[in-house]
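Remarks on the overall topology
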Amino acid sequence: MKMTLTAIRVSVTLMLLCGLMYPLITTGLAQALFPKQANGSLIQSGDVVIGSELLAQSVTSPKLFHPRASAAKYDPTASAGSNRAVASDDYVKEIKEQIAELKKDNPTLKDIPSDLVTASGSGFDPDLSPEAAKAQILRISKTTGIAERQIEQLVDSLTQSRQLGIFGEPRVNVLALNMALLKQAKL
Amino acid sequence: MGMGFVQVTITLVIILALVKPVGSYLVKVFDYERTGLDRIFGPFERAVYRIMGVRDKEAMGWKQYLGAMLLSNFVMLILMYLVLRLQKYLPLNPDGIDNMPSAQAFNTAVSFITNTNWQSYSGENALSYLSQMLAVTFPMFTSAATGFAVAVAFIRGLIGHQDNLGNFYVDITRAIIRVFLPLSLIVALFLVFQGVPQTMQGAVEASTLEGAKQTITRGLVASLESIKHIGTNGGGWFGTNAAHPFENPTPLTNLVHIVCMMLLPTSLVYAFGLMIKNKKQGWAVFAAMGFIFLVMLATVFVAEYHGVTALTSAGVNGNMEGKEVRFGISESALFTAATTAATTGSVNNMLESLTPMGGFVALAEMMLNNVFGGKGVGLLNGLLYLILSIFICGLMVGRTPEFLGKKIEGKEVKLASIALLIHPVIILAPTALALFRPESIASISNSGMHGLSEVLYAFTSGAANNGSAFAGLNADTNFYNVGIGLVMLVGRYISIIAMLAIAGSLAAKRVVPVTTGTLRTNTPLFTGIFIMIIVVIGALTFFPALALGPIAEHLAMPH
């Protein structure tokens, strides 16, 4: 009986310490030190929230950069990866169709940027590889009338290199890219 | 691939550099003699002991130690289950989440108390903020501390002279207050700095560039994320875990996640060497585990860079399905090898979409279950194999096997065999059962060999208390919720019970002096035999299942 009582007291004490005090203290410090990040790195235009820097959103217009495919349909209330089996004939067939689609916009493309024909892990990959962004320039230039050179410069200027020069891969944030494009084109 | 290799190497060097200092620190944490740490943590700990009603000087024999562990884990399990079942009526539920159904709540509560972190739900639509705190973040601390405590108790048994394994409550309190809490707080703040949310506010409605609605879910993510990796827990706030940009926004957070999950499992092996006053023995075990880890890492690394042959010829380089651009292939491969070695189970890419050999690595590491392994328990599994290796070598040279001067006899080998055999049984039997039932086959999302891997992976992950998934499987059915729940319980507690029994039995034994005839267990030769025995036992047990799943799939890969 005494053993049980101790076990209950230990459990409740640790629950309050680790499950309540610790996250609340962390929240207080985080909100004081890094309020923007702590609230989800939101991008606002006036009072309206446009999105989060860190989450891809659905883009269908041919005039804008498209993010990677999302098995979650870009809905953050139900994150998901595609969970496709990559070594299957079905999958290979589908990707080859995607490649054919891509080549319609871009007939001279030889090295296919693999991120552009595959679904992301989270469903909200905010980035494209610079190659995947550049593979879309021809389409955007045709539909908007902005010179290819100009769009390419935009991609280059927004490309982030590896963190500390070592970690991760070079990438460009799609939402930032589209906002810059809209600003430039006054679409 | 070149830069990828550099990144992986630097990460491994960082982990190696931390092994000694952190290992030495761990020894101090669990040293009951007065140390410098008492000055800092002592007053706080004494206050906590008073509230808990724990007499910290009270020593426990193996049965008492085990009793305290099981009883307190059971109480926590009940508390967590209640929170999940009642979350709708409790505070801190800004997104208005409903109560969790009973089978899923059982699965979830068991999953977190056993340090598995298997999730048949997605946090962003199934848990209130309070549940994320009390039924997820809280057990992430205590389950990791429990694993730690049991490992330390076992080592005390190895070197002790009587059945006194320490005090369970003191051990978990020390692990939490001297290691987990301070480290988690610092790491959490770094994660927020890099972009991980930490807020009490509910989801926010965004109006996208094209005028569509996007509901941005968030929460107290960073405080969960830090202990998730430090405690090798692995359960994410969001469904897609550390692939989600809110859990893992940058390559630097990815680095921190990997270092955190490897930090304590690797250091504990060194601490083991220090505690038994035989550093060479610690390094011998470390070398064996490290060797298997590197082979596995190289396999998944090469497999993912190679990708699917049929697509490579169409101009696509490597396999990016289910991976994130900011991590690329190398960081995804490293994360995969680390998370299934350290039995963390978090993922930064979708494991189901790995190439067949990439998926093989994840499965195989969980099947071996001792390549560093989760907090404490991984070391225990490693020592289990060590005892077996000593026994087998002892038979070969015709001497009574002994380890650290203690004779390994029938009782210890029987207990070790039980702990060892239970692992394949609870993987292969339920997998076979699931494949008999058309209802459970209906949960499989990919057909053929890959479908077999989905089910095999689910039970392997549960048995190894890993928690990662081939996430295409719909595991939210009563069969999988209850089945995997039971597998997690057996996988966690049977081996712990057996190991503590061995500790109790060894502790009571007389130390035999070392002679020239003693089998030396810290030599390169013995380490080689140790690796062989791990691989041979693992291969003999699981090869048929692996051959039907990932290996067959690899051989049938489209060209």
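Please read these numbers as outputs of a predicted model, since none were measured by experiment.

1. A short note on the overall build of chain B
Assigned secondary structure in chain B consists of 19 helices and 4 strands. Its C-alpha radius of gyration of 23 Å places chain B within 12% of the 24 Å reference for a compact globule of 559 residues. Taking the principal axes of the C-alpha coordinates as reference, chain B spans close to 80 × 60 × 45 Å. Counting every position in chain B, which comprises 559 residues, the buried fraction comes to 66%. The contacts in chain B between residues at least 6 apart in sequence include a share of 78% that link residues at least 24 apart. For chain B, the computed accessible surface area is about 17,900 Å², with 68% contributed by carbon and sulfur atoms. Each charge class in chain B was averaged separately, 33 positive and 28 negative side chains, and the resulting centres sit 15 Å apart.

2. With respect to the packing of aromatic side chains
All names here are of chain B. By the definition in use, this model includes 17 aromatic pairs over all chains. Arranged with centres 5.6 Å apart and planes meeting at 65 degrees, the rings of Phe 168 and Tyr 169 form a pair that is edge-to-face. The two residues Phe 168 and Tyr 169 agree in class, both being buried. Taking 6.1 Å as the distance between ring centres and 35 degrees as the angle between the ring planes, the aromatic pair formed by Phe 459 and Tyr 480 counts as tilted. A residue pair is termed long-range when its members are at least 10 positions apart, and Phe 459 in helix H17 (residues 448-463) and Tyr 480 in helix H18 (residues 478-507) qualify at 21 residues. With respect to burial, Phe 459 and Tyr 480 carry one shared label: buried. Between the NZ or CZ atom of Arg 156 and the centre of the ring of Tyr 32, over which it lies, the distance is 4.5 Å.

3. A closer look at the domain arrangement of chain A
On domain assignment, one finds that chain A holds domain 1 (1-39) and domain 2 (41-185). Using only C-alpha atoms to locate each centre, domain 1 of chain A and domain 2 of chain A end up separated by 39 Å.

4. Looking at the environment of B:Gly4
Residue and element names in this part refer to chain B. Among the secondary structure elements, Gly 4 is positioned in helix H1 (residues 2-29). Sequence separation between Gly 4 and Glu 331 is 327 residues; the distance between their C-alpha atoms is 7.3 Å. Excluding residues within four positions of it along the chain, Gly 4 makes contact with Phe 301, Tyr 305 and Ser 330.

What counts, and where the lines are drawn
- Residues numbered from 1 in each chain as written.
- Chains lettered and ligands numbered in written order.
- Predicted model: local features only at pLDDT ≥ 70, side-chain atom pairs only at ≥ 80, totals over all residues.
- Heavy atoms only, no water.
- Helix = DSSP H or I, 4+ residues; strand = E, 2+ residues; numbered from the N terminus.
- Rg over C-alpha atoms; globule rule 2.2 N^0.38 Å.
- Buried < 20%, exposed > 50% of the residue type's maximum accessible area, 1.4 Å probe, protein only.
- Contact = heavy atoms within 4.5 Å.
- Areas by Shrake-Rupley, 256 points an atom, 1.4 Å probe, with all protein chains shown as cover.
- Lys, Arg positive; Asp, Glu negative; His and termini not counted.
- Charge placed at Lys NZ, Arg CZ, Asp CG, Glu CD.
- Phe/Tyr/Trp six-rings, centres within 6.5 Å; stacked < 30°, edge-to-face > 60°.
- Lys NZ or Arg CZ within 6 Å of the ring centre and 35° of its normal.
- Domains from an automatic or database assignment.

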